[in-house]
Amino acid sequence: MGKRKSRAKPPPKKRMDKLDTVFSCPFCNHGTSVECHIDMKNLIGEATCRICQESFSTTVTALTEPIDIYSEWIDECERVNNLEDDVA
C-alpha cells in the first residue's frame, strides 16, 4: 500500500511595509516635521508642521492613511501655485 499524500503548506504571506506617518513640510522644507492625525469619529484628517505651524485638513474614509492626507496637501499646494501662475 502507498503512503497518503500530505497536503503542502501554503507559502507564508508577505508582510506589507509600514507606510510613513512623518513627512517633510512643503513650506519650510524641514524634514520629518509634518505629522498626520486621523480622527475617525469626525472623519477629519489633519497634517500639521511642528516648525512653521502650517496645517491642512481634509475629509477621510475608513481606508485613508496618513500618506493620503499628506499627498492631498501637496496636490492642493501645487494646484494653488498653478492658479497663481495662470493669473500672473
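Residues numbered from 1 in each chain as written. Predicted model: local features only at pLDDT ≥ 70, side-chain atom pairs only at ≥ 80, totals over all residues. Heavy atoms only, no water.

1. Re the overall build of the protein chain
Then, in step 1: Of the regular secondary structure elements, the protein chain holds 1 helix and 4 strands.
Then, in step 2: Relative to the compact-globule value of 12 Å for 88 residues, the protein chain shows a C-alpha radius of gyration of 22 Å, a clear excess of over 25%.
Then, in step 3: The principal-axis extents of the C-alpha atoms in the protein chain amount to approximately 85 × 30 × 25 Å.
Then, in step 4: Per-residue burial for the protein chain yields a buried fraction of 19% across its 88 residues.
Then, in step 5: Considering only residue pairs separated by 6 or more positions, the protein chain has 30% of its internal contacts joining residues 24 or more positions apart.
Then, in step 6: Summed over all atoms, the accessible surface of the protein chain reaches about 7700 Å², with 52% contributed by carbon and sulfur.
Then, in step 7: Each charge class in the protein chain can be summarised by its mean position, and for the 12 positive and 15 negative side chains these summaries are 31 Å apart. (Helix = DSSP H or I, 4+ residues; strand = E, 2+ residues; numbered from the N terminus. Rg over C-alpha atoms; globule rule 2.2 N^0.38 Å. Buried < 20%, exposed > 50% of the residue type's maximum accessible area, 1.4 Å probe, protein only. Contact = heavy atoms within 4.5 Å. Areas by Shrake-Rupley, 256 points an atom, 1.4 Å probe, with all protein chains shown as cover. Lys, Arg positive; Asp, Glu negative; His and termini not counted. Charge placed at Lys NZ, Arg CZ, Asp CG, Glu CD.)

2. Some thoughts on the pattern of salt bridges
Then, in step 1: The full count for this structure, using the stated rule, is 2 salt bridges.
Then, in step 2: As a salt-bridge pair, Glu35 and Arg50 come within 3.2 Å of each other at their nearest N and O atoms. Taken as a pair, Glu35 in strand β2 (residues 34-39) and Arg50 in the loop between β3 (44-49) and β4 (55-59) lie far apart in primary sequence, 15 residues in all.
Then, in step 3: Owing to a relative accessible area of 27%, Glu35 belongs among the partly exposed residues under this scheme.
Then, in step 4: Arg50 sits in the partly exposed class, given a relative accessible area of 46%.
Then, in step 5: Close ionic contact of Glu76 with Arg79 constitutes a salt bridge, the shortest N to O distance being 2.5 Å. Highlighted residues: Glu76 and Arg79, both in helix α1 (residues 66-87), separated by 3 residues, approximately one helical turn. (Salt bridge = Lys/Arg side-chain N within 4 Å of Asp/Glu carboxyl O.)

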